[in-house]
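The chain contents come next:
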Amino acid sequence: MANQELGKRPNAAGPPQGMRAPSGGSEDTPVPSVGARLIALAGPTASGKTGAALAIAARHPCEIISVDSALVYRGMDIGTAKPSHAERAGVPHHLIDIRDPTQAYSAAEFAADAQRLVDEINARGKLALLVGGTMLYFKALFEGLAPMPPADPAVRAELEAQAALQGWPALHAELERVDPVTAARLAPRDAQRIQRALEVFRLSGRPLSSFHAPDSGAHQGQGMRAAAMFSLEPADRAWLHGRIAQRFDAMLAEGLLDEVQALRARGDLHAELPSMRCVGYRQAWEALDGTWPIGLLRDKGIAATRQLAKRQLTWLRGMESRRVIACDAPDALAQLLSQVEPLA
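Definitions and cut-offs
- Residues numbered from 1 in each chain as written.
- Predicted model: local features only at pLDDT ≥ 70, side-chain atom pairs only at ≥ 80, totals over all residues.
- Heavy atoms only, no water.
- Buried < 20%, exposed > 50% of the residue type's maximum accessible area, 1.4 Å probe, protein only.
- Helix = DSSP H or I, 4+ residues; strand = E, 2+ residues; numbered from the N terminus.
- Pairing = 2+ DSSP bridges.
- Contact = heavy atoms within 4.5 Å.
- Axes fitted to C-alpha atoms, helices over the stretch in contact; angles between N-to-C directions.
- Core = buried A, V, L, I, M, F, W, Y, C linked by side-chain atoms within 4.5 Å.
- Phe/Tyr/Trp six-rings, centres within 6.5 Å; stacked < 30°, edge-to-face > 60°.
- Lys NZ or Arg CZ within 6 Å of the ring centre and 35° of its normal.
- pLDDT = per-residue confidence, 0-100.
- Salt bridge = Lys/Arg side-chain N within 4 Å of Asp/Glu carboxyl O.

**Considering the pairing of strand β4 (residues 127-132)**
Among the six residues that make up β4, six are buried, leaving the element largely enclosed by the rest of the structure. For strand β1 (residues 38-42) and β4, the ladder comprises five bridges, and the chain directions are parallel. By the bridge assignment, A40 is partnered in β4 with L130. Inspection of the sheet shows strand β2 (residues 62-67) paired to β4 by six bridges, in the parallel sense. Across the sheet, the residue bridging to I65 is L130, located in β4.

**Regarding the pairing of strand β5 (residues 228-233)**
Most of β5 sits out of view: six of its six residues are buried. Every second residue of β5 is oriented toward a common face, with A228, F230 and L232 on one face and M229, S231 and E233 on the other, all of them buried. Relative to β5, β1 is paired through four bridges, and the arrangement is parallel. When the sheet's bridge partners are listed, A40 is paired in β5 with M229. Bridging between β5 and strand β6 (residues 323-326) involves four bridges; their strand directions are parallel.

**Describing the sheet that holds β1**
Reading across the sheet, the six strands line up as β3-β2-β4-β1-β5-β6 and stay open at both edges, with parallel pairing between neighbours. Edge strands, defined here as strands with exactly one partner in the open sheet, are β3 (93-94) and β6. Packing of helix α3 (residues 107-123) onto the sheet brings it into contact with β1, β2, β3 and β4, and relative to β2 it is tilted by some 175°. Set on the sheet, helix α4 (residues 135-142) makes contact with β1, β2, β4 and β5; between it and β1 the angle comes to about 155°.

**Here we look at the nonpolar core**
In terms of nonpolar packing, the biggest core is built from 57 residues, with L38, I65, F110, L130, F138 and F142 touching the most fellow members. Top contributing element to this core by residue count: α3, with seven residues. In this structure, L130 is in contact with L38, I39, A40, L41, I65, V67, F110, V118, F138 and L141, ignoring residues within four places of it in sequence.

**Let's talk about the packing of aromatic side chains**
Tallied over the full model, the rule gives three aromatic pairs. Ring plane angle 15° and centroid distance 4.6 Å describe the contact between F110 and Y137, whose orientation is recorded as stacked. Residue F110 is located in helix α3, and its partner Y137 is located in helix α4; the two are separated by 27 residues in the primary sequence. Taken together, the ring pairs in this structure connect Y105, F110 and Y137 into an aromatic cluster. Its guanidinium or amino end placed over the ring of F211, R206 lies 4.0 Å from that ring's centre, counting from NZ or CZ. The aromatic ring of W285 is capped on one face by R264, whose charged end is 4.8 Å from the ring centroid.

**Examining the side chain of S209**
Summarising the element assignment, S209 is placed in helix α9 (residues 208-212). For S209, the residues in contact, after removing those within four places along its chain, are D179, V181 and T182.

**Quick notes on the confidence of the model for the protein**
Across the protein, the average pLDDT comes to 88, with 87% of residues at or above 70. Between residues 1-7, whose pLDDT stays under 50, and residues either more than four places distant or in other chains, the model counts 33 contacts. Segment residues 10-34: pLDDT under 50, and 94 contacts once partners within four positions in sequence are set aside and those in other chains are kept.

**Considering unusual backbone geometry**
Even without being glycine, A81 reaches a positive phi, approximately 50°. Secondary-structure assignment places A81 in the loop between β2 and α2 (85-90). In this structure, L95 is a non-glycine residue whose phi angle is positive, near 65°. With respect to the helices and strands, the residue L95 is situated in the loop between β3 and α3. Judged by relative accessible area, L95 falls into the buried class, the value being 7%.

**Re the pattern of salt bridges**
Applying the stated criterion to the full structure yields 22 salt bridges. A salt bridge links R277 to D190; the shortest N-O distance between them is 3.2 Å. Of this pair, R277 sits in the loop between α11 (256-265) and α12 (281-289) while D190 is found in the loop between α7 (180-185) and α8 (191-204), placing the two residues 87 residues apart along the sequence. The residues R277 and D190 share a single accessibility class, namely buried. Note that R266 and D268 form a salt bridge whose closest N and O atoms lie 2.8 Å from each other. Of the residues examined, R266 reaches a relative accessible area of 37% and is grouped as partly exposed. Here the residues in one salt-bridge network are D77, K82, R88 and D97, joined through shared partners.

Rendered as structure tokens:
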């Protein structure tokens, strides 16, 4: 994950560059007492987390745990901005390339794996550095997940019968009325997830998205505690938008379309899998399907990535204990390293 000019990576959009707190958390957030040696580094896509993490690793004995639901997939390297083999050889990385794209990987699985890894890394005398932008994974690890109703065969049978009569797009439209947040991230024919979301709503009277929200109430499990959670957030949103465009252009130049064509050629993947719904892959898949012209891929991909960044920032603002670093300020990396120093 880096070469060393302020944590910049080759062919990537560079590291955080500042330390002002735009809103939310602050530099003065108290640090909780902890048993595990653990620091978290979060932020929206293209905010410079990878370069910053490598800069920390260059100064402190640590191992990096990826907190990214796309990096778990093998064969998906370009569109995920996956750390290179050289970067991963320089610093041990975990939870990268652990699933085939046909497989799912849940937040609960992440929390269990991450907790085990933190213990193992600490036992080796090193700092565990959690780095990524999948906020539900951070929530699962630090807060636990709100208990949801278990599967109910009767409700599932009812939904399947309704889908047989009306089609899954009709049930997706129903989900849009009761849980627009979940509906927005599901395709109209994603039968399994539409069914589960409507099942949860019918059993609990609550949208599925409410169980995943930052303030979702009581949670299962005690959760781990980090010495600090640093959050890279731009003071100027236009700065992030520029980096998103720069990074997506780099992905196209490096062969994103070829990568997706190779995945399609396997024959066992389809557009509704969690792996193929990742930003960039979904838009490339749709372009190759002829849903819209290939020439629109750049604009579609950048727009989808901006929306992802917006959702990530919304999650982060709900994490009051985070230490916000304005990643677009000129001294971001120096400020980050100075704050990490007494914690590492």
